[in-house]
Structure formats: structure tokens, C-alpha cells
Amino acid sequence: MFADSLTLTAELAKEPLYQGGSAVNDFIFEEPDRPVTLSSEGSEVAYSHSGLAWMSLPGQFGAAGEVSLQVEIETLLRGIREQGVVLGRIDQVREYLLQFPDLLDIVPVVIYSTRKHFPEGQLTLDIYRDPEIEDQYLVLYVRLAHYDETTLDRLQKAEAAFLDALSDREGWIQLTTDFREPGGSNVL
Amino acid sequence: MAVQYKNPPIVEALCEFRLGKDTEWDLTIPGQLYEKVKSQFPLREHRTVQVVEFAFQPQNVQQQIRTEERVLLFTPDRKALVQIGPRLLVVNVLKPYPSWKGFKPLIETAWEALRQVVALKTLDRIGLRYINRVEFETSRVDLKAYFDFYLYTGARLPQEYASFVAQALFSFAGGRDHCLVRLVSAESEAQRMAVLLDIDYHWARSDAVAIDRALDWVEEAHSRVEEIFEGCITDELRRILNT
């Protein structure tokens with residue numbers, strides 16, 4: 001099932017859904033005339049000594065080979081916001097991702113899958129704290145103008161795309177709904 | 001930073017070693033490294049990261065996106081970690097920054113452990129990077145009041161940004177080293193403005209320094225980063241950082 005998440009990730013990279021701007025053309029090479037060769041079998045694979053400028057790829061999740069957790073998180077949050085996802089308590093979301101960076105590659109998959117099943121919904125990424133057992137985790141809320149009998153079924157289908165891949169992570173992200181209207185009050 | 005601030009803005013510092021492709025690497029190395037450093041970094045995890053590469057062919061350039069497995073070794077408080085990937089070693093420390101006196105020994109530990117388990121031949125890159133986050137209590141800020149490195153826009157352009165990036169690559173040590181400095185807007189709570197000042201001091205070319213002198217270079221890089229940071233900020237920001 002882990003392969004499913006990779007498939008989704010690859011799909012993500014191909015589709016423009018998560019790209020707020022241009023893609024590969026926006027990469028900046030600081031020394032295009034002197035690439036570092038990584039392999040050579042009919043072609044050369046190269047990367048910049050300075051890495052790829054992380055802010056030069058707007059909206060793309062995960063800068064290439066990024067080694068800074070803060071920068072990776074910032075890029076992720078920016079990409080999430082550019083996709084119209086509402087960020088709840090952003091400082092706490094950032095802290096959680098910093099504590100559990102193994103979620104960084106799966107959060108886009110969760111959003112992608114949820115958006116696929118709820119194209120009309122408002123998505124809100126926030127943190128949930130359980131005061132009774134001092135537990136906390138990320139939560140992605142789906143908020144709809146109208147809830148019906150298909151809502152829970154769609155939630156389950158969206159969740160099925162990433163649940164197995166999530167099972168071996170240290171951190172957790174829960175997909176759910178709080179039955180609120182987009183930006184509004186509780187509909188129940 | 002040499003100047004001690006009451007509220008230092010450093011949210012992450014890292015030291016990165018990228019080994020040359022002629023250095024043999026196999027899947028047992030992360031485990032061997034873990035054995036060497038587990039007294040300090042006992043929490044072992046792994047994650048998948050995306051790596052983008054470019055294939056230069058005679059007629060075109062092709063983008064390749066692949067995934068790479070990294071092993072992450074955390075300290076018990078999860079405030080420092082070692083990342084190990086194929087021919088890659090990174091030592092990160094998170095907020096609160098433990099000072100150079102606390103950070104450098106972690107770099108030394110990881111580097112020495114690497115040298116014990118890998119026959120190093122060449123190094124492609126060493127980098128020392130500091131990421132600072134400054135958050136203001138208002139949503140509109142005149143950056144030049146706080147930074148001596150910022151994005152200038154003329155009077156005929158809108159003075160309000162949705163987001164921005166100011167970036168420059170500076171040359172040091174006669175071209176041996178480069179420092180990429182970026183000032184970028186960051187996501188923040190509503191009604192607040194935040195920026196990241198990212199200072200990435202690194203080798204400009206492969207094998208810039210002999211492997212045996214790698215840690216000397218790191219010490220020198222730290223001095224340069226301190227100078228660059230101080231060169232990027234104004235007295236007004238210093239005052240805030242000391243409040």
C-alpha cells in the first residue's frame with residue numbers, strides 16, 4: 001500500500017493542481033555552465049551547488065532535495081494556502097510538522113485525495129488537541145455547503161488513498177468534517 | 001551568532017555534507033552510523049523526500065523527479081537530528097538554538113562517525129546554513145527599517161506585497177565559497193507579517209577543501225555566517241531581538 005502513496009505523489013508532480021506558478025522553468029541554476037555530474041549514461045544529471053532555490057518554485061510541495069525542515073514546512077504551507085486550503089492555527093501546525101517531519105510527504109497526498117472527492121468543499125488544516133490524554137495531531141476538515149448521505153462515504157474513499165501509508169508514521173493526520181459551512185457556522 | 005540576543009531569531013541551523021559519487025554507499029551505512037551516534041541520537045525514523053534532478057542531453061534538458069529514503073536520528077527532545085541519505089549527511093538543530101558551542105560538537109560527532117563507516121574519497125559540497133524567522137506584530141512592515149538586505153521597489157510600484165523573495169549569491173574566499181542569502185515572506189497568523197532570513201554558506205565547487213580540513217572549514221564558515229547575518233539587519237531589529 002506504500003506504493004499507492006508514491007503513485008499519488010508522482011501523479012501530484014505531473015498535474016498542475018499543486019503548482020501555483022510555473023514549474024521547472026522557475027528553477028534557478030546559479031552555475032549552469034558547471035553542473036555537478038551525478039551519473040552519465042547518454043545523459044548527465046546535475047544539480048546546483050546551492051541546491052535549487054526553494055522559493056523559486058512557487059506552490060510546488062517539497063523543494064528538491066531540501067535538507068532544512070523549516071524551509072520544507074514553509075514551502076508546504078505556502079503550497080497548501082495557494083491551493084485555497086485554510087490554515088488554522090498555523091504556528092501550531094508548523095510546530096507539529098517540525099516534530100513529525102515524516103508527515104511532510106503525505107500531507108499533500110491527503111489534500112490531493114480529499115480535493116478529488118470533495119471538489120466543492122472548503123478544506124481547513126488545523127491541529128487537534130485532546131486535553132484528556134495530552135494527545136495532538138493534524139486534522140483536515142472538510143466543510144460543505146450541503147451535507148448528504150454520500151458525505152461519509154466520500155470521506156472514507158478519500159481516506160482510503162493514504163491510510164495505509166500513514167500507518168507507519170510517527171505523526172498523524174486525521175481527515176474528518178465538523179459539519180460546518182465553509183467559513184460559517186455549524187449546520188447541525 | 002557571536003552577538004548574543006535575548007530573543008535570537010534562529011529557528012534552524014544545519015550543516016550538510018554531500019559526498020562525491022565515487023564514494024561507495026550502500027543501504028547498511030545508515031544503520032552503521034546509527035550505532036555510532038545512538039547515545040546522542042537514539043530516536044530512529046525514516047522518511048521519503050522528493051529529489052528533482054536535471055538530465056542534460058545533447059538536444060534538451062529533462063526533469064527527473066524521484067523519491068529518496070532518508071533516515072532521521074533524533075535526540076530525545078527532538079531538538080536536534082541527523083539526516084542520512086544516499087551520500088548525504090546533515091546535522092540539524094532546531095529552536096531554541098543551542099549556541100555554536102552546543103551545535104559544533106554535534107557536527108563533529110556525526111562527521112567523525114561518518115568517517116568511521118565510509119571510506120570518503122571526495123566531497124561535492126559542505127554547507128552551513130542558518131534560518132532565521134522574524135515575526136512582526138503588524139501585517140504591514142517597512143522592511144528597510146529592519147533589514148539592510150531587502151527587496152527594493154520603486155515608488156511607481158505597489159508597496160504592498162502578497163509575497164516576496166530577495167535573493168543574492170555572494171562570493172567569498174576568492175571564489176572558493178558562496179553564500180546564498182534569501183529574505184522571503186513566510187506564512188503567519190492573521191494580522192502578522194513574518195519573514196525568513198536564510199543564510200546558506202557553502203562550497204562553490206567540489207573538493208574545495210581537503211577532507212581532513214572539513215571541520216576547519218565549518219568553523220570558518222560559521223564566522224562568515226555571523227558577519228553576514230549582522231550585515232543583513234539594522235540596529236532597529238537588533239533592538240527588537242534584545243527586547
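Residues numbered from 1 in each chain as written. Chains lettered and ligands numbered in written order. Predicted model: local features only at pLDDT ≥ 70, side-chain atom pairs only at ≥ 80, totals over all residues. Heavy atoms only, no water.

**Focus on the overall build of chain B**
Line of reasoning, step 1. Regarding its fold elements, chain B presents four helices and nine strands.
Line of reasoning, step 2. In chain B, the succession of helices and strands from N to C terminus is β-α-β-β-β-β-α-β-β-β-β-α-α.
Line of reasoning, step 3. Computed over C-alpha atoms, the radius of gyration of chain B comes to 20 Å, within 12% of the 18 Å expected from 2.2 N^0.38 for 243 residues, which places it in the range of a compact globule.
Line of reasoning, step 4. Overall, the C-alpha framework of chain B stretches about 55 × 50 × 40 Å when taken along its three principal axes. (Helix = DSSP H or I, 4+ residues; strand = E, 2+ residues; numbered from the N terminus. Rg over C-alpha atoms; globule rule 2.2 N^0.38 Å.)

**A few points about the packing of helix 2 (residues 69–82) of chain A against helix 3 (residues 90–99) of chain A**
Residue and element names in this part refer to chain A.
Line of reasoning, step 1. Contact geometry of helix 2 with helix 3 gives a least axis separation of 10 Å together with a crossing angle of 135°. Here helix 2 is positioned oblique relative to helix 3, judged by the angle of their axes. In the crossing of helix 2 with helix 3, the sense of the turn from one axis to the other is right-handed. Taking contact as the criterion, the partners of L69, Q70, I73, E74, L76, L77 and R81 in helix 2 are, on helix 3, I90, V93, R94, L97 and L98.
Line of reasoning, step 2. When its residues are assigned to classes, the contact of helix 2 with helix 3 shows eight nonpolar, one polar and three charged. (Axes fitted to C-alpha atoms, helices over the stretch in contact; angles between N-to-C directions. Parallel < 35°, antiparallel > 145°, perpendicular 65-115°, else oblique. Left-handed = near helix turned anticlockwise from the far one by under 90°. Contact = heavy atoms within 4.5 Å. Nonpolar A, V, L, I, M, F, W, Y, C, P; charged D, E, K, R; others polar.)

**Focus: the confidence of the model for chain B**
Do not read the fine detail of predicted coordinates wherever pLDDT is low.
Line of reasoning, step 1. Averaged over all residues, the pLDDT of chain B is 94; the fraction at 70 or higher stands at 99%.
Line of reasoning, step 2. Taken together, the chains of this predicted complex give a pTM of 0.82 and an interface ipTM of 0.91. (pLDDT = per-residue confidence, 0-100.)

**Considering unusual backbone geometry**
Most peptide bonds adopt trans geometry, and most residues besides glycine take a negative phi value.
Residue and element names in this part refer to chain B.
Line of reasoning, step 1. Across the junction of K95 and P96, the peptide omega takes the value 0°, indicating a cis bond.
Line of reasoning, step 2. The backbone phi angle of R87 is positive, close to 55°, even though this residue is not glycine.
Line of reasoning, step 3. On the secondary structure map, R87 appears in the loop between strand 4 (80–85) and strand 5 (88–94).

**Digging into helix 4 (residues 107–117) of chain A**
Line of reasoning, step 1. Most of helix 4 of chain A is tucked away: nine of the 11 residues are buried.
Line of reasoning, step 2. When we look at burial in helix 4 of chain A, the residues that qualify are V107, P108, V109, V110, I111, Y112, S113, T114 and R115 of chain A. (Buried < 20%, exposed > 50% of the residue type's maximum accessible area, 1.4 Å probe, protein only.)

**Thoughts on the packing of aromatic side chains**
All names here are of chain B.
Line of reasoning, step 1. Going through the model one piece at a time under the given rule, you end up with 15 aromatic pairs over all chains.
Line of reasoning, step 2. Aromatic side chains W100 and F103 sit 5.8 Å apart centroid to centroid with 80° between the ring planes, which places their arrangement in the edge-to-face category. With a gap of three residues between them, W100 and F103 both fall in helix 2 (residues 100–117), about one helical turn apart. For the pair W100 and F103, a shared accessibility class is recorded, and that class is buried.
Line of reasoning, step 3. Plain terms: the ring middles of Y161 and F164 are 5.4 Å apart, the flat faces sit at 50° to each other, and that makes the pair tilted.
Line of reasoning, step 4. On the basis of relative accessibility, which here comes to 5%, the residue F164 falls in the buried class. (Phe/Tyr/Trp six-rings, centres within 6.5 Å; stacked < 30°, edge-to-face > 60°.)

**As for the nonpolar core**
Line of reasoning, step 1. Within the largest apolar cluster, 69 residues are counted, with the highest numbers of intra-cluster contacts made by F103, I107, L128 and F147 of chain B.
Line of reasoning, step 2. With residues near it in sequence (within four places) discarded, I107 of chain B still touches C15, F17, V91, W100, L128, L215 and V218 of chain B.
Line of reasoning, step 3. Core analysis: the second largest hydrophobic core is formed by 40 residues, L77, L103, L155 and L166 of chain A among them. (Core = buried A, V, L, I, M, F, W, Y, C linked by side-chain atoms within 4.5 Å.)

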